[in-house]
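# Structural features, examined
One-letter residues, chain by chain:
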Amino acid sequence: MKTDKNLYLGIDIGGSSVKYGWGNPSDGLLYFDKVHLNGTSLESLTITVNKIMGIVNKEIGLQNIIAIGVGTPGTINLKTGKLEGVNPNLQEWVNIDPKIIFPAELRDKIKFENDANLMALAEASCLPEVHNLIGITIGSGIGCGWVIDGQIYHGAHGYAMELGHNIVEVNGIKCNCGKRGCLEAYASVNGLLNRVNSNKEFMQLENMQDILNYSRQNLLIKGYLKESIQYLSLAISNLLINLDSGALIIGGGVIENPEFPYIKLERAIVKGFPHIQRDKIIVRKAIYGNWAGVMGALLISSRD
Ligand SMILES: [Zn+2]
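So, a few notes on the structure that sits alongside this text. Every value quoted in this text rests on a predicted model; they were computed, and no experiment measured them. (Residues numbered from 1 in each chain as written. Predicted model: local features only at pLDDT ≥ 70, side-chain atom pairs only at ≥ 80, totals over all residues. Heavy atoms only, no water.)

Bringing the coordination of the zinc ion into the picture now. Angles between donor atoms at a metal ideally measure 109.5 degrees for a four-coordinate tetrahedral arrangement and either 90 or 180 degrees for a six-coordinate octahedral one. Binding of the zinc ion to the protein goes through H165 (ND1), C175 (SG), C177 (SG) and C182 (SG), at separations of 2.0 to 2.3 Å. Between the 4 donor atoms coordinating the zinc ion, the angles at the centre fall across 105 to 120°, so the site counts as tetrahedral. Coordination of the zinc ion draws on donor residues from a single chain, spaced H-x9-C-x1-C-x4-C in sequence. Residue class for C175 comes out buried when judged on its relative accessible area of 7%. (Donors = N, O, S within 2.8 Å, 3.2 Å for Na, K, Ca; no water. Tetrahedral: all angles 85-135°; square planar, octahedral: opposite > 155°, others 65-115°. Buried < 20%, exposed > 50% of the residue type's maximum accessible area, 1.4 Å probe, protein only.)

Right, let's get into the pattern of salt bridges. Summed over all chains, the structure comprises 3 salt bridges. A salt bridge links E259 to R216; the shortest N-O distance between them is 2.7 Å. Pair noted here: E259 is in the loop between helix 7 (253–256) and helix 8 (262–271) and R216 is in the loop between helix 5 (208–215) and helix 6 (219–243), with a separation of 43 residues, a long-range link. Of the charged contacts in the structure, one is a salt bridge between K280 and D279, with a shortest N-O distance of 4.0 Å. (Salt bridge = Lys/Arg side-chain N within 4 Å of Asp/Glu carboxyl O. Helix = DSSP H or I, 4+ residues; strand = E, 2+ residues; numbered from the N terminus.)

Before going further, it helps to examine the sheet that holds strand 2 (residues 17–24). Pairing in this open sheet of 5 strands is mixed, and the strands run 3-2-1-4-7 from one edge to the other. Since the sheet does not close on itself, it has two edges, and those belong to strand 3 (28–36) and strand 7 (110–114), each with one partner. For this sheet the average axis-to-axis angle between neighbouring strands, irrespective of direction, equals 20°. In this structure, strand 2 lies alongside strand 3, joined through 8 bridges in antiparallel fashion. (Pairing = 2+ DSSP bridges. Axes fitted to C-alpha atoms, helices over the stretch in contact; angles between N-to-C directions.)

Note: strands within a sheet are paired through backbone hydrogen bonds, in either parallel or antiparallel orientation. Strand order in the open sheet formed by 5 strands is 10-9-8-11-12, and the pairing between neighbours is mixed. Edge strands, defined here as strands with exactly one partner in the open sheet, are strand 10 (151–152) and strand 12 (282–285). Bridge count between strand 9 (residues 142–148) and strand 10: 2 bridges; the pairing is antiparallel. In the sheet register, V147 faces strand 10, and the bridge partner there is I152. The strands touched by helix 8 within the sheet are strand 8 (132–138), strand 11 (247–251) and strand 12, with strand 12 carrying the most contacts at an inclination of about 165°. (Contact = heavy atoms within 4.5 Å.)

Attention now goes to the packing of helix 4 (residues 189–197) against helix 6. Put simply, helix 4 and helix 6 touch, their axes get as near as 10 Å, and they point 150° apart. Taken together, the axes of helix 4 and helix 6 lie roughly antiparallel to each other. In this structure, the crossing between helix 4 and helix 6 has a hand that is right-handed. Every residue of helix 6 that contacts helix 4 at L192, R195 and V196 is listed here: I221, Y224, L225, E227 and S228. Broken down by class, the residue content of the contact of helix 4 with helix 6 amounts to 5 nonpolar, 1 polar and 2 charged. (Parallel < 35°, antiparallel > 145°, perpendicular 65-115°, else oblique. Left-handed = near helix turned anticlockwise from the far one by under 90°. Nonpolar A, V, L, I, M, F, W, Y, C, P; charged D, E, K, R; others polar.)

The next subject is the nonpolar core. Counting 45 residues, the largest nonpolar core has I134, I138, L163, L183, M208, L248 and F260 as its most contacted members. The leading source of residues in this core is helix 6, at 10 residues. The residues contacting L183, other than those within four sequence positions of it, are I142, L163, G164, N166, V168, S188, Y231, L232 and A235. Core analysis: the second largest hydrophobic core is formed by 29 residues, L9, L37, I76 and I110 among them. (Core = buried A, V, L, I, M, F, W, Y, C linked by side-chain atoms within 4.5 Å.)

Nothing here speaks to function; it is all geometry.
As structure tokens, this is what we get:
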């Protein structure tokens, strides 16, 4: 494929695959694909990214890419550019400069951003009339981004909007971050799996589909799923009470699973808003789905 359009590259790094695509803000994504990660080491990330660069070079020529945006789980220190915190799905993907997995000659073209922030940015581009939008992703972890007038809100240090680490249960289950009772420990896929699999009498479940399947026949698993929705709605309603955003967009692997009772979650969230707010906030599923991170990455790469 050869093109005379201005082209930007968007990349979304996840725990099991790296998604990528190219395009530009006016035409959107012109190409999208993903490459599965063969392991979660830095080496396998580097191999995968180099493989993608090879594909891009063959299809459109790397020299034709104006800039590259990259979405990643985890927190990026705004001063040092390094990844911080914990990254349960990619354990070596912390306390490093994330650009090291890219070929040296491309590093000046690259901008990194948290993946949930990029999801919120992509969804905000679909709602130009809404000036203040919250995006939430529910998957292996819980991510959250806030876009105000087209700009991602980072807070004073880059750590803003860590919804997954809001405490929903005093002295609750231990979270990956070291605290107890975080939302992520109850309502992310990893949190749910940890809860179920810590009961040794169960067979060990592996993914959200297992949880949804077994929740139909096992009261304990059904209870965990119900609690996850209660905690999610509590934390999300409280967030919206504080921020009074124009729109709340919910996405991620859990939400995209057609068997997840999304409507129960949406109703519980709206019920948690004060009456005066209920019919004013747009609440809906994410439009971009699987593509959101790549689209958001493409959008930030095109900005100065
Ligand atoms: Zn936590």
